[in-house]
Amino acid sequence: SEQPRILVVDDDIRVGSAIERHLAAEPYGLTVLADPRVAVEELSRQQFALILSDNLMPEMTGPELLSIAMSLAPDARRLLITGYTDLEHAIQAFNNGVIHRYISKPWERTELKAIVSEELGAYSARVHERTAFNTLEQTLSRRTSLLQEAVGMIRRAEQDLKGAMDTPSIDRKLTVIVCGDVVGFSRLMGRNHERTLTMLAECWDLLGALARKFGERIVNT
């Protein structure tokens, strides 16, 4: 699989070089920049799994850069590099949802590697979750279209039957039994039960809306 890419932004070239040395042996693609404005352009050109930014830089603060990164790379993990003297800014950025984590200077090599590994794992899980959700959404859309076509066919058949009835006094009613199955329900529940139940509720709402659209009602489930 493709190496995860990491963007490091720090106006102090020594810090960027230190991070590059610490992660040199890891299977990551590293881009180290000193200018946050160039970093914004780079974020527009390629996808990054992790963004490490210094807090205080002359051209742009770290939270400002990472706030822009939220819109350009919403799935990327955002980390702020900060000193003890300006830790308050990091906490504020975390509380505002701009960053996922902050790293205090000075850090240890093993600590940095562990944090990067954890955050890349969180990124992979997020991407996998989004892919699974999009696949589920596409499948639901296709099956909804098929269901709408089936309902239309049933309605036309019902009209044909009503026209062919020779005895108007007999009250006939066409009843439709719909069978459905959630593919991989246990797996989806184990991964994210709240989202799975939400999607299932949306399916029920869709079926109810279709029934009401054609003047029908759901009698049992």
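The rules behind the values
Residues numbered from 1 in each chain as written. Predicted model: local features only at pLDDT ≥ 70, side-chain atom pairs only at ≥ 80, totals over all residues. Heavy atoms only, no water. Phe/Tyr/Trp six-rings, centres within 6.5 Å; stacked < 30°, edge-to-face > 60°. Lys NZ or Arg CZ within 6 Å of the ring centre and 35° of its normal. Helix = DSSP H or I, 4+ residues; strand = E, 2+ residues; numbered from the N terminus. Contact = heavy atoms within 4.5 Å. Pairing = 2+ DSSP bridges. Axes fitted to C-alpha atoms, helices over the stretch in contact; angles between N-to-C directions. Buried < 20%, exposed > 50% of the residue type's maximum accessible area, 1.4 Å probe, protein only. Arc of directions from axis to C-beta. Right-handed = clockwise from strand over helix to strand, strands pointing away. Core = buried A, V, L, I, M, F, W, Y, C linked by side-chain atoms within 4.5 Å.

**Quick notes on the packing of aromatic side chains**
For step 1, the next point in the chain: Counted according to the given criterion, the structure contains zero aromatic pairs.
For step 2, the next point in the chain: The ring of Phe133 is capped by Arg195, whose NZ or CZ atom sits 4.8 Å from the centre of that ring.

**What to know about the side chain of Glu158**
For step 1, the next point in the chain: Along the chain, Glu158 turns up in helix H5 (residues 109-164).
For step 2, the next point in the chain: Ignoring any residue separated from it by four or fewer positions in sequence, one finds Glu158 in contact with Lys173, Leu174 and Glu216.

**Some thoughts on unusual backbone geometry**
For step 1, the next point in the chain: Cis rather than trans, the peptide bond between Lys105 and Pro106 has omega equal to -10 degrees.
For step 2, the next point in the chain: The residue Pro106 is located in the loop between strand E5 (101-104) and H5 in this model.

**Overview of the sheet that holds strand E2 (residues 29-33)**
For step 1, the next point in the chain: Ordered by their spatial adjacency, five strands build an open sheet running E2-E1-E3-E4-E5, and the pairing between neighbours is parallel. Where the open sheet ends on each side, the last strands, each with one partner, are E2 and E5. Strand-to-strand, the axes of this sheet are offset by a mean angle of 20 degrees, without reference to chain direction.
For step 2, the next point in the chain: Where strand E4 (residues 77-82) meets E5, four bridges bridge the pair, whose relative direction is parallel.

**Some words on the side chain of Thr196**
For step 1, the next point in the chain: Counting through the fold element by element, Thr196 comes out in helix H6 (residues 185-213).
For step 2, the next point in the chain: Those residues in contact with Thr196, other than ones at most four positions away along the chain, are Phe185, Leu188 and Met189.

**Description of helix H2 (residues 36-45)**
For step 1, the next point in the chain: Buried residues of H2: Pro36, Ala39, Val40, Glu42 and Leu43, and no others. The arc enclosing the buried residues of H2, seen along the axis, measures out at 165 degrees, which places them on a common side. Exposed and facing more than 90 degrees away from the buried side of H2 are Ser44 and Arg45.
For step 2, the next point in the chain: Where H2 is buried, its residues meet strand E1 (5-9), E2, strand E3 (50-54) and helix H3 (62-72).

**A short note on the pairing of E4**
For step 1, the next point in the chain: Where burial is concerned, most of E4 is hidden: six out of the six residues are buried.
For step 2, the next point in the chain: Relative to E4, E3 runs parallel, the two being bridged by five bridges. By the bridge assignment, Ile51 is partnered in E4 with Arg78.
For step 3, the next point in the chain: Taking the sense of rotation as the criterion, the β-α-β connection linking E3, H3 and E4 turns out right-handed.

**Considering the nonpolar core**
For step 1, the next point in the chain: Ranked by size, the top nonpolar core spans 20 residues in total, and within it Leu7, Ile51 and Leu65 carry the most contacts.
For step 2, the next point in the chain: If you look at the next biggest cluster of nonpolar residues, it comprises 18 residues, including Val8, Ile19, Ala49 and Ile115.

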